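Architecture and fold: a report
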Amino acid sequence: MSSLTSPEVGARVLPARPSASGGIERWVERHLRWILPAPAVIAMALLLVVPLVYTAYLSLHEWYASSVLGPRLVWLDNYAQLFLRDERFWPAFRVTLIFTVGAVALTVTLGLGIAHLLIRNFPGRGLARTLVLLPMIATPVAMALVWMTMMSPTIGVLNYVLRSVGLAGSAWVSSPRSVIPSLLLVETWMWTPMTALICLAGLATLPSEPFESARVDGASGWQIFWHLTLPFMRSTLVVAALFRTIDALKVFDIVYVMTEGGPGFASETLNLYVFQTSFKYLNLGYASALIVVFFTLILGASMLLIQVRRSPL
Amino acid sequence: MATWTRRIALGGMATVLVAFLGWSVSGPPPVGAQAGFDWKRYSGKQLRFLVNSHDWTNEIIRPAIPEFEQLTGIKVAWEIFPEDQFRQKLAVEMVSGSGSVDGFMSLTSWDGLRFLKAGWYEPIQKYLSNPAVTSPQFAFDDFFPNTRQIATVGGQLIGVPLYPEVQLLYYRKDVFKAKNVAVPQTMEEWEAAAKKLTDKSNNFYGYVSRGKRSAAVYTLAPFIFNFGGQWLDKDNQPLLNSPAAVKGLETYGRMLREYGPPGVVNVHTYEVVDLMSQGRVAMASDSSNWVSSFENPTKSKVAGLLGYARIPRGPGGSHTPLISWAISISAQSKNKEAAWYFLQWATSRDMVLRQAKAKIPVARKSAWESPEFQSGLPKEWLSAFQATLPDSYPNQANPVVVAVPETRDAIGAAIVAVIEGQDAKDAAERAQKSVAEIIKKTQ
């Protein structure tokens, strides 16, 4: 302690400083644009690139986690199996696409509609806005369990309600025909609040002048919506659609909890198939090939949407 | 086989004498303690077991471990995990080859061949036939012969069976009486009874069993066996498109479709128990283990109303799978003899008797026949189980292959398809093709 305040030490250190660190400082100064992002780049490389490259490498191998043998190089066999002979890949691909298109269309359309209602001034608006957000706040797994109970064909409340108004009950998630619409219902219920929130933010930032002049020119509500709101909201909607597309492509929790991909494989999405292949079948080589395909799909969808956002109408 | 049984018999006789003398001076000995066998031989060793969560692991063995440690001087770490996590944890530890696991449990019908192929099991016959490390009191021939087969994988004895289960027909005595229906003895009578008892307008169904993809394979099994079919032929090739298997699949699918509750393709064993306990169905076929749930009045509306019977017979007789978890020694263990001591102790007469007192089904004849086990369980359940046991097929809950989860998913898809009304022959052919491919790739 005392040495810090002693004049000898201070006298020795202070004059030495500029000359000793001058080289380093100048070097840092010159390479600042590399040094500042370096930690982030290294973290990204370790967390993203390394696993991705390793997955791609594994996808060229046959490897069961429970086997005493290590990975065996099979080149593109896994991919050939996957695209040409696998009876579960294409159905899972189809289910994923249908589910995604359905989920995005429903949540974005309804979200925009709800945002339109909530942007208006009415008594209790704050309360209504809070209530609308509730499904998104609840834990998806817990909500999926609740929905599953409600959808039970024998003892569920949904069929009870349907029957009490004279309609036939549905099998809901217990039939290959109604499983996807039922899952879409849950997905829409759960995630429409998110798109509504995004749209609400978008609507709040719209300029008021074009709308006023349109109204003065006598445009109908529909014309205003179609020719003004929609074009103005374009980039907001694309952002909402982008988020929802990525979420819906990798949907897992509600499907796993409610159907485990069933009945049969009628609601098996790609993500679920990857899970079964890796964690149930311990077939890590094949699962890696599936992940590579899946990753490409998500990347492609994202790039497509970003392109849509940038391109002029 | 004969030599070691004789040795055990001779040793047993000698021990009985010595033990009797010992008893007369010092009172009853603690569990497992007998004169003439050196339980302290591996004193100071440490063991680590990875086990699946079950009443047996949690309530019978865990609290008794201090007794084992006192008896042998061996320290035991008893690590319990739920089934899925248990398998993942075990796989990671065994693949790493660290040798830190000395023993583990496995469901041989599910894990057996995979674990055997991976080289994780230490065959136990050589310990069993070595009187230096096996207590004369152990008496392996006290286990029902069929249950010893459960622990035999690829021709090798790989462990000791713990709590066996077969399948039984559960039925509502009151409903049968009211509708004047007799307990079905044949497959035809079974289906006729299911038809007669179904009353859809009142939301009441004649029969339920599992319809959910992978789970349903287990309850389909007796239908295939009873029509004279098998899962695999001698060369381990699937027989799913055989006429008997197609007939079994067709009957099972039709009964669930016509007389089962709506949404049966999403029914797992838990839903079977719920539907029965809630009084929604007249009959169910599933694991024999559910008796305590059904007879528990706080969980079940039908406690006291249930009857228990063998699965009705077909042209091939009446056969159900017989399955059980088993406890094994890890081939990577550095303390195999000490681990064998633990296995012997955990499945000794005395410990199995404790298990029987807790109404957990037992594989030992002596414990099964004990008054503690026989009292308190329905007489009909006991006799139905005992009648089923000799004709049951050890481990045949599914084709016994390396890749059981994939195989069960492939067969399960066929079951769902048939329940949904597709042609059984087509579905069976598809399953046959998929399973043959899976076997080809993994074996």
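Residues numbered from 1 in each chain as written. Chains lettered and ligands numbered in written order. Predicted model: local features only at pLDDT ≥ 70, side-chain atom pairs only at ≥ 80, totals over all residues.

Within chain B, the secondary structure is distributed over 20 helices and 14 strands. Relative to the compact-globule value of 22 Å for 443 residues, chain B shows a C-alpha radius of gyration of 23 Å, a close match. Expressed as lengths along the three principal axes of its C-alpha atoms, the size of chain B is roughly 70 × 50 × 35 Å. Put simply, 76% of the contacts in chain B that link residues at least 6 apart link residues at least 24 apart. (Helix = DSSP H or I, 4+ residues; strand = E, 2+ residues; numbered from the N terminus. Rg over C-alpha atoms; globule rule 2.2 N^0.38 Å. Contact = placed C-beta atoms within 7 Å.)

Moving on to the overall build of chain A. Looking only at helices and strands, one finds 15 helices and 2 strands in chain A. Since a compact globule built from 313 residues should have a radius of gyration of about 20 Å, the 28 Å found for chain A marks it as more spread out than a globular shape. Seen along its three principal axes, the alpha-carbon backbone of chain A occupies a region of about 95 × 75 × 45 Å. Among the 313 residues that make up chain A, the fraction classed as buried is 30%. Considering only intrachain contacts with a sequence separation of at least 6, the fraction spanning at least 24 residues in chain A is 69%. (Buried ≥ 20, exposed ≤ 12 C-beta atoms within 10 Å, placed from the backbone.)

To continue, consider the confidence of the model for chain B. Residues and elements named next belong to chain B. Per-residue confidence for chain B gives a mean pLDDT of 90; residues scoring 70 or more make up 92%. Per-residue pLDDT stays below 50 along residues 1-29; that stretch engages in 26 contacts with residues further than four places along the chain or on separate chains. With a pTM of 0.83, the predicted complex shows an ipTM of 0.77. (pLDDT = per-residue confidence, 0-100.)

All names here are of chain B. We note that the domain assignment places domain 1 (2-164 + 324-377) and domain 2 (167-321 + 397-442) within chain B. For domain 1 versus domain 2, the separation of C-alpha centres amounts to 33 Å. Listed per partner, the contact involves 9 residues of domain 1 and 10 residues of domain 2. Of the residues that constitute the side of domain 1 that touches domain 2, the class distribution is 4 nonpolar, 2 polar and 3 charged. (Domains from an automatic or database assignment. Nonpolar A, V, L, I, M, F, W, Y, C, P; charged D, E, K, R; others polar.)

The subject of this paragraph is the pairing of strand 8 (residues 167-172) of chain B. Residues and elements named next belong to chain B. Counting buried residues along strand 8, 6 of its 6 residues qualify, which places the element largely inside the surrounding structure. Neither face of strand 8 is open: one carries Gln167, Leu169 and Tyr171, the other Leu168, Tyr170 and Arg172, and all of them are buried. Sheet analysis places strand 8 next to strand 10 (residues 281-287), joined by 5 bridges and oriented antiparallel. Note on strand 10: the bridge partner recorded for tyrosine 171 is methionine 283. By the bridge criterion, 4 bridges tie strand 8 to strand 11 (residues 306-309) in an arrangement that is antiparallel. Bridging across to strand 11, tyrosine 170 finds its partner in tyrosine 308. (Pairing = 2+ DSSP bridges.)

Right, let's get into helix 11 (residues 209-216) of chain A. Counting buried positions along helix 11 of chain A gives 0 out of 8 residues, so the element sits mostly on the surface. Where helix 11 of chain A terminates, the next one or two residues include A:Gly218, which has phi positive at roughly 85 degrees.

Strands in a sheet are paired, the pairing made by backbone hydrogen bonds, and the direction either parallel or antiparallel. All names here are of chain B. Spatially, 4 strands are ordered 9-10-8-11 in an open sheet, and the strand pairing comes out mixed. A single partner strand is all that each edge strand has here, and the edge strands are strand 9 (205-208) and strand 11. Between one strand axis and the next, the sheet turns through 15 degrees on average, direction left out of account. Lying on the sheet, helix 18 (residues 379-388) is in contact with strand 8 and strand 11; it crosses strand 11 at an angle near 15 degrees. (Axes fitted to C-alpha atoms, helices over the stretch in contact; angles between N-to-C directions.)

This paragraph deals with the confidence of the model for chain A. All names here are of chain A. Residues of chain A with pLDDT of at least 70 account for 91%, and the chain-wide mean is 86. Across chain A, element-level confidence peaks in helix 6 (residues 89-119) with a mean pLDDT of 94 and bottoms out in helix 1 (residues 2-5) with 45. Contacts of residues 1-16 to residues separated by more than four positions or lying in other chains number 2 contacts, the stretch itself having pLDDT below 50.

Taken domain by domain, chain A holds domain 1 (1-33) and domain 2 (87-310). Placing the centre of domain 1 of chain A and that of domain 2 of chain A at their C-alpha centroids yields a distance of 59 Å.

A word on helix 11 (residues 243-259) of chain B. Residues and elements named next belong to chain B. Counted at 1.5 Å a residue, the expected span for helix 11 with its 17 residues is 24 Å, and the 23 Å between its end C-alpha atoms agrees. Every buried residue of helix 11 is listed here: Ala245, Val246, Lys247, Gly248, Leu249, Thr251, Tyr252, Gly253, Met255, Leu256 and Tyr259. Contacts made by the buried residues of helix 11 are with helix 9 (187-197), strand 9, helix 10 (216-226), helix 19 (404-419) and helix 20 (424-442). (Expected span 1.5 Å × (residues − 1).)

A:Leu290, B:Tyr170, B:Leu249, B:Met283, B:Phe342, B:Ala414 and B:Ile415 are the most contacted members of the largest nonpolar core, which totals 194 residues. Among all residues touching A:Leu290, those that are not within four sequence positions of it are A:Leu82, A:Leu270, A:Tyr273, A:Val274 and A:Thr277. (Core = buried A, V, L, I, M, F, W, Y, C linked by C-beta atoms within 7 Å.)

Here we come to the packing of helix 14 (residues 270-280) of chain A against helix 15 (residues 284-310) of chain A. Residue and element names in this part refer to chain A. In contact at an axis separation of 8 Å, helix 14 and helix 15 are set at 160 degrees when each is read in the N-to-C sense. It follows that helix 14 is roughly antiparallel to helix 15 by the angle criterion. Classified by chirality, the crossing of helix 15 by helix 14 is left-handed. Of helix 15, the residues touching helix 14 (which contributes Leu270, Asn271, Tyr273, Val274, Thr277 and Ser278) are Leu284, Tyr286, Ala287, Leu290, Ile291 and Phe294. Its residues assigned to classes, the contact of helix 14 with helix 15 comprises 9 nonpolar, 3 polar and no charged. (Parallel < 35°, antiparallel > 145°, perpendicular 65-115°, else oblique. Left-handed = near helix turned anticlockwise from the far one by under 90°.)

All names here are of chain B. Summarising the element assignment, valine 404 is placed in helix 19. The sequence separation of valine 404 and isoleucine 439 amounts to 35 residues, and the corresponding C-alpha distance is 9.6 Å. Beyond its immediate stretch of four places on either side in the chain, valine 404 contacts Trp110 and Asn398.

As a further point, take unusual backbone geometry. Residues and elements named next belong to chain A. Omega for the peptide link from glycine 262 to proline 263 comes to -10 degrees, which places this bond in the cis form. As for its position among the elements, proline 263 is in the loop between helix 13 (253-258) and helix 14. For glutamate 260, which is not glycine, the phi dihedral falls at a positive 50 degrees. With 20 C-beta atoms packed within 10 Å, glutamate 260 lands in the buried category.

Moving on, we come to the packing of helix 4 (residues 38-58) of chain A against helix 15 of chain A. All names here are of chain A. Put simply, helix 4 and helix 15 touch, their axes get as near as 7 Å, and they point 120 degrees apart. Between helix 4 and helix 15, the interaxial angle falls into the category oblique. Helix 4 and helix 15 meet at a crossing whose hand is left-handed. Facing helix 4, whose interface residues are Thr55, Ala56 and Leu58, helix 15 presents Leu284, Gly285, Ser288, Ile291 and Val292. Class assignment for the residues of the contact of helix 4 with helix 15 results in 5 nonpolar, 3 polar and no charged.

Glancing now at the environment of B:Gly44. Counting through the fold element by element, B:Gly44 comes out in the loop between helix 1 (2-26) and strand 1 (46-52). Put simply, B:Gly44 and B:Ala193 are 149 residues apart on the chain and 62 Å apart in space, counted from C-alpha to C-alpha.

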